[in-house]
Structures are given as structure tokens and as C-alpha cells.
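Overview (structure and organization)
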Amino acid sequence: MKDKILKDIKDSLMRGDRENVTKLTKAALDAGVSVPEILNNGLIAGMEIIGAKFKNNEVFIPEVLIAAKAMHAGLALVEPHFLKCGIKPVGKVVIGTVKGDLHDIGKNIVSMMLKGSCFEVEDCGIDVPTEKFIETIRKSNADILAMSSLLTTSMNSMKDTIKALKAAGLRDKVKIMVGGAPVTQEFAESIEADCYAKDAAVAVDKAKELLKR
Ligand code: B12
């Protein structure tokens, strides 16, 4: 039953069937399927297959877009299940997808899981210019700046933001965490970020570690 419902979520997401993804995600939650299972074996699994098909020119931008909309519908249902903290935040994170980049699914999952681990999260959205990150860091009392990039062409915006933070005298005020499919540990080190995480679960652990440094 559990495997069937997760497979149906995955298949519906691949077809971009938002209504079915909504219906099945609700049904899975009602049946007590765990949120990480719904995410990893349903929603993210479907998006990974779409990604592979997109790479092989088996599907194109319109199909990817409708799959992304179905993904957002599923994520919206899962999100409240992460938000059960109700205690004083452990730290504050400013997050955003860097300039030139409109991908937000991974960033939203990272944000959701951080909130679920009692971080306060200020989300700057997508295509975030350096100046906006700087302004938000200046105004907030953030402990961590988390930047997401899904395009090799937008990765350098992370480097630009770190340079600009240095120039503004703010680099020592925040720890910097970077991630997204093309980002690597080596890249993070080369731009002098404080840490890299490959997925949202690791991001939460590393954010907690950063607070201790
Ligand atoms: C969905 C999607 C889109 C959607 C985005 C919708 C949305 N609202 O996000 C749309 C259709 C808009 C789109 C557009 C484009 N896309 Co696109 N897209 C994808 C796709 C299929 C899936 C991405 C995704 O959501 N994955 C699922 C999530 C859960 O995974 P994730 O993002 O990697 O996030 C996880 C980790 O990386 C990490 N993480 C993510 N962010 C962060 C941040 C921090 C701080 C940390 C610690 C961790 C972390 O944690 C997340 C959760 O575990 C990928 C393929 C792929 N394999 O990635 C291509 C892909 C990213 N796109 C690609 C391209 C080329 C484009 C376009 C240029 C296409 C075009 N010709 O117009 C445009 C660019 C638009 C722009 N300026 O941004 C390429 C990029 C190639 C490259 N190396 O640069 C990819 C890799 C596809 C491919 N193989 O060619 N795309």
C-alpha cells in the first residue's frame, strides 16, 4: 500500500498531474506515511526522473514546468508537518537562489527542513541580486547566509555575493552555506564559503555545526 501510493505520487508528478499529486500526498499523510518517505521516494524521486528525461531531450521546458508546479503543490502539503517547533529559534538563516537562477524547489526544501529544525528562515526568493542579500544581512541578525544555485552559469553569483559581503565589511558577521546540484565541496572552498551541503538533511546538520563555530 505504502509503496504503491509513493509510486503513484512519483508517476503523477512526472505527468505534471497536480490534482493527483495533491490527492495522493494527502492520502499518504493520512495513511501515516512519513514525510521524508513522501519527499524522497515520491516527490523528489519523480523530479529526478524528469531531470534525467530533460537532459536526454525526452521532455522539454513546458513538461518540466508543469511537473515543478505539481511538486510545489505536494511540498505545500508536506510543509506544515515540518513546522512543529513552537520554541525559541536556534538561529536565523537568510536563504535565496542567486542572481540569474529561477530554480527554487531545492531551496524551498532546505528552507522547510531548517524551519522544521527550529531555525528562523528569511527567504529572499529567486534570482536574488547581491545587493538584496547584502541589505537583508545588514538588517537582520542572521547567523547564516544560505545560497542555492542550479546552473553552472549562476554559480559565480555566489562568488560575487561573498566578495561584495567582504567589501561591505559584513563577511565576518555571517557564516555562508552553499548548495544546489552543480555545487561541490571544492567549489565552496574556492569561493571561501564556510560550508557546502549536498542535500537538505545534510544542510540542517551543517547549519547546526556552523552555529557552534
Ligand atoms: C525543475 C527544473 C527547472 C524548472 C524550475 C522550476 C522551479 N520552480 O524550480 C524550470 C522549467 C523553470 C527550469 C528552467 C531552466 N532550466 Co532547469 N531544471 C529543472 C530540473 C529538472 C530539476 C531541478 C529540481 O528542482 N530538482 C529537485 C530538487 C529537490 O533538487 P535540487 O534543486 O538539486 O536541491 C537539492 C540539493 O541540490 C540541495 N540544495 C539545493 N539548494 C541548496 C541550497 C543550499 C544552501 C544547500 C545547503 C543545499 C541546497 O538540497 C536540495 C534538496 O535535497 C533540473 C535537473 C536536475 N537534475 O537538477 C534542471 C536543470 C537544473 N535546468 C537546467 C537548465 C539548462 C535550465 C534552463 C537554462 C533551460 C532553458 N533552456 O531555458 C532554464 C533556466 C532558467 C533560469 N534562469 O533559472 C540544467 C542546468 C545545466 C547546468 N549545468 O547549468 C538542468 C541540470 C537540466 C539539465 N540536465 O540540463 N528548470
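Reading guide: rules and limits
Residues numbered from 1 in each chain as written. Predicted model: local features only at pLDDT ≥ 70, side-chain atom pairs only at ≥ 80, totals over all residues. Heavy atoms only, no water. Disulfide = S-S within 2.5 Å. Buried < 20%, exposed > 50% of the residue type's maximum accessible area, 1.4 Å probe, protein only. Core = buried A, V, L, I, M, F, W, Y, C linked by side-chain atoms within 4.5 Å. Domains from an automatic or database assignment. Contact = heavy atoms within 4.5 Å. Salt bridge = Lys/Arg side-chain N within 4 Å of Asp/Glu carboxyl O. Helix = DSSP H or I, 4+ residues; strand = E, 2+ residues; numbered from the N terminus. Expected span 1.5 Å × (residues − 1). Bend = angle between axes of the 7 residues up to and from the residue. Buried area = accessible area lost by both parts, 1.4 Å probe. Polar contact = N/O pair within 3.5 Å; in protein donor to acceptor, adjacent residues only side chain to side chain. Nonpolar A, V, L, I, M, F, W, Y, C, P; charged D, E, K, R; others polar. Donors = N, O, S within 2.8 Å, 3.2 Å for Na, K, Ca; no water. Pairing = 2+ DSSP bridges.

1. Quick word on the state of the cysteines
This model, assessed by the stated rule, comprises zero disulfides. You can see C124 has no disulfide; the closest cysteine sulfur is in C195, sitting 18 Å from it. With a relative accessible area of 9%, C124 lands in the buried category.

2. Details of the nonpolar core
Nonpolar side chains in soluble globular proteins generally cluster together in the buried interior. I38 and L43 are the most contacted members of the largest nonpolar core, which totals 42 residues. Both domains that meet at this core, namely domain 1 (2-81) and domain 2 (91-212), each give it at least three residues. In contact with L43, not counting residues within four places along its chain, are I9, L13, V21, T25, I38, M71, G74, L75 and V78.

3. Considerations on the pattern of salt bridges
Applying the stated criterion to the full structure yields 12 salt bridges. One salt bridge connects K4 with D8, and the closest N-O pair in it is separated by 2.7 Å. Taken as a pair, K4 and D8 lie in helix α1 (residues 2-15) at a separation of four residues, close to a single helical turn. Given a relative accessible area of 21%, D8 falls into the partly exposed group. Between R15 and D17 there is a salt bridge, with the nearest N and O atoms lying 3.7 Å from each other. Overlapping salt bridges bring together K92, E120 and E122 as one network.

4. Observations concerning helix α3 (residues 35-55)
Compared with the 30 Å implied by 1.5 Å per residue over 21 residues, the 28 Å span of α3 between its first and last C-alpha is a close match. Of all the bends in α3, the greatest measures close to 40 degrees and is centred on I44. The inward-facing, buried residues of α3 abut α1, α2 (18-30), α4 (61-78) and α5 (105-116). Downstream of α3 by a residue or two, N57 has a phi angle that is positive, lying close to 60 degrees.

5. Brief notes about the domain arrangement of the protein chain
Partitioning the protein chain into domains gives domain 1 (2-81) and domain 2 (91-212). Of the roughly 630 Å² buried between domain 1 and domain 2 on both sides combined, carbon and sulfur atoms contribute 79%. For domain 1, the biggest contributors to the area lost against domain 2 are H72, L75 and E79; these three give 62% of the whole. Counting the contacts that link domain 1 with domain 2 gives one salt bridge. For the pair domain 1 and domain 2, the number of links is two residue pairs in polar contact (both at pLDDT 80 or more). Tallying contributions element by element places α4 first for the side of domain 1 that touches domain 2, with five residues. Taken together, the residues of the side of domain 1 that touches domain 2 sort by class into seven nonpolar, one polar and one charged.

6. Regarding the coordination of the cobalt atom of the ligand
Its sole protein donor being H103 (NE2), the cobalt atom of the ligand sits 2.3 Å from that atom. By the element assignment, H103 lies in the loop between β1 (91-97) and α5.

7. Quick notes on the side chain of R171
Here R171 lies in the loop between α7 (155-167) and β4 (175-179). A polar side-chain atom of R171 sits 3.0 Å from the main-chain carbonyl oxygen of E192. Looking at R171, its side chain comes within polar contact range of the side chain of D194, at 3.0 Å. Not counting chain neighbours up to four residues away, the residues in contact with R171 comprise I162, L165, K166, I176, E192, A193 and D194.

8. Thoughts on the sheet that holds β1
Taken in spatial order, the five strands line up as β2-β1-β3-β4-β5 in an open sheet, and their pairing is parallel. One side of each edge strand has no neighbouring strand; the edge strands of this open sheet are β2 (119-123) and β5 (195-196). Bridge analysis of β1 against β2 gives five bridges, and the strand direction is parallel. Note on β2: the bridge partner recorded for K92 is E120.

9. Section: unusual backbone geometry
Despite not being glycine, N57 has its phi angle at roughly 60 degrees, a positive value. Relative to the elements of secondary structure, N57 occurs in the loop between α3 and α4. Phi at D127 is positive, roughly 50 degrees, even though this residue is not glycine. The partly exposed category is assigned to D127, whose relative accessible area is 34%.

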